[in-house]
Amino acid sequence: MSSQIEIKPYKKSTSSKKEQVALMFNNIAKRYDFLNHFLSLGIDKIWRRKTINQLEGLKPELILDVATGTADLAIEALKLQPKKITGIDISTAMLEIGKKKIEQKNYDSIELIEGDSENLQFENKSFNAVTVAFGVRNFENRPKGLSEMYRILKPGGKAVILEFSKPTQFPVKQIYNLYFNFILPAWGKFFSKDNSAYSYLPESVNNFPNGQAFLDELEKAGFINTKSISLTFGIACIYSGEKVS
Ligand SMILES: C[S@@+](CC[C@H](N)C(=O)[O-])C[C@H]1O[C@@H](n2cnc3c(N)ncnc32)[C@H](O)[C@@H]1O
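Bear in mind that the values here come from a model prediction, so they are computed numbers and not experimental data.

A.B. asks: Residue-level account of the overall build of the protein chain, with values.
C.D. replies: Within the protein chain, the regular secondary structure consists of eight helices and seven strands. Whereas a compact globule of 245 residues would reach a radius of gyration of roughly 18 Å, the protein chain reaches 17 Å, a difference of no more than 12%. In terms of overall dimensions, the protein chain has C-alpha extents of about 45 × 40 × 35 Å along its principal axes. Burial status across the protein chain gives 46% buried among its 245 residues. Here the contacts in the protein chain between residues at least 6 apart in sequence split such that 69% fall between residues at least 24 apart.

Written as structure tokens, this is what we have:
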């Protein structure tokens, strides 16, 4: 059991965080892409591009995109021209949307399958790179999820993780807090029709370790050469780590 504070989407429910997260993303799947781009003013696309750029030197052949959702990061990873990208997620509704996008565009090298990041169905040392965008924050047991990512990487492999973070400088911090804690949950609630999903978002971000604290978690999972790159005044961050042997 992990010692992290557990933030769940539905306060009144007694089901596990994982079940609640899957339910929440199933509920909002149809509006997820629209809300993502609308609420982030389209910046999320730039963040995903920069995340994949971190793998350019590695030229990975086999990529696993964990918590792939509607597959936007997996699709962005196509520019690395890998042999195959596998995307896994616990939300079947998110995967359905992702599958439609992939079919429409004939992205044959992407395969989306159901799977749990904390118990990956792949053998040790199966992938050259593992990617996650806005997924790690939702894990029920983050240390388990990170060590699974480490386990399935081949030696010489690299993990890149995109996640929200908390800006610390005036006035971005104040504007961000206002937007993220008040405006975004209200719009999110209105458009997604899920009362909890967009209150859970700021709460889960507030409870996610910032900067070095998260790099420490990556190192505990076995990663070396860990690095963080702050994006857009610290609103998001790209974390990376490598596996030697
Ligand atoms: C905010 S969405 C991010 C989706 C996508 N990566 C993107 O960039 O838009 C988070 C996703 O993480 C998935 N997720 C959460 N916990 C998971 C777990 N333990 N295993 C697999 N997927 C998980 C959710 O179902 C959801 O689709």
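A.B. asks: Please give an account of the environment of Pro82 that cites residues and values.
C.D. replies: Here Pro82 shows up in the loop between helix 3 (72-76) and strand 2 (84-89). Through-space distance from the C-alpha of Pro82 to that of Tyr239 is 21 Å; in sequence the pair is 157 residues apart. In contact with Pro82, not counting residues within four places along its chain, are Pro60, Glu61, Leu62, Ile63, Ala77 and Ser109.

A.B. asks: Would you mind going over the nonpolar core in detail, with residue names and values included?
C.D. replies: Of all hydrophobic cores here, the largest spans 61 residues; its most connected members are Val130 and Met149. The leading source of residues in this core is helix 1 (residues 17-39), at eight residues.

A.B. asks: Explain the site of the ligand residue by residue, including any values.
C.D. replies: Near the ligand there are 24 residues, and of these Ala67, Gly69, Ser91, Ser117 and Ala133 occur at the shortest range. When residues of the shell around the ligand are traced back to their parent elements, those giving at least two are helix 1, helix 3 and strand 2. It is helix 1 that contributes the most residues to the shell around the ligand, five residues altogether. Residues of the shell around the ligand, tallied by class, amount to 11 nonpolar, eight polar and five charged.

A.B. asks: Outline the pairing of strand 5 (residues 153-164), supporting the account with residue identities and numerical values.
C.D. replies: In terms of burial, strand 5 is a largely internal element, nine of the 12 residues being buried. Taking the sense of rotation as the criterion, the β-α-β connection linking strand 4 (residues 127-133), helix 5 (residues 142-152) and strand 5 turns out right-handed.

A.B. asks: Explain the sheet that holds strand 4 to me, and be specific about the residues and the numbers.
C.D. replies: Taken in spatial order, the seven strands of this open sheet run 3-2-1-4-5-7-6, and their pairing is mixed. Both outer strands of the open sheet, strand 3 (110-114) and strand 6 (224-231), are each paired with one neighbouring strand and no more. This sheet shows a mean twist of 15° between the axes of neighbouring strands, independent of strand direction. Summarising the sheet, strand 2 and strand 3 pair through five bridges and their orientation is parallel. Pairing of Gly87 across the sheet is with Leu112, part of strand 3.

A.B. asks: Could you give an account of the pairing of strand 7 (residues 236-242), naming the residues involved and the relevant values?
C.D. replies: Side-chain direction in a regular strand flips from residue to residue, so the side chains alternate between the two faces of the sheet. Burial runs high along strand 7: six of the seven residues are buried. Across seven bridges, strand 5 lies against strand 7 in antiparallel orientation. Residue pairing across strands places Phe164 opposite Ala236, the latter belonging to strand 7. In terms of strand pairing, strand 6 meets strand 7 through six bridges, oriented antiparallel. Across the sheet, residue Ile229 finds its bridge partner in strand 7, namely Ile238. Hairpin connection from strand 6 to strand 7: four residues lie between these consecutive antiparallel strands, with Thr232 at a positive phi of about 45°.

Definitions and cut-offs
Residues numbered from 1 in each chain as written. Predicted model: local features only at pLDDT ≥ 70, side-chain atom pairs only at ≥ 80, totals over all residues. Helix = DSSP H or I, 4+ residues; strand = E, 2+ residues; numbered from the N terminus. Rg over C-alpha atoms; globule rule 2.2 N^0.38 Å. Buried ≥ 20, exposed ≤ 12 C-beta atoms within 10 Å, placed from the backbone. Contact = placed C-beta atoms within 7 Å. Core = buried A, V, L, I, M, F, W, Y, C linked by C-beta atoms within 7 Å. Near = placed C-beta within 6 Å. Nonpolar A, V, L, I, M, F, W, Y, C, P; charged D, E, K, R; others polar. Right-handed = clockwise from strand over helix to strand, strands pointing away. Pairing = 2+ DSSP bridges. Axes fitted to C-alpha atoms, helices over the stretch in contact; angles between N-to-C directions.

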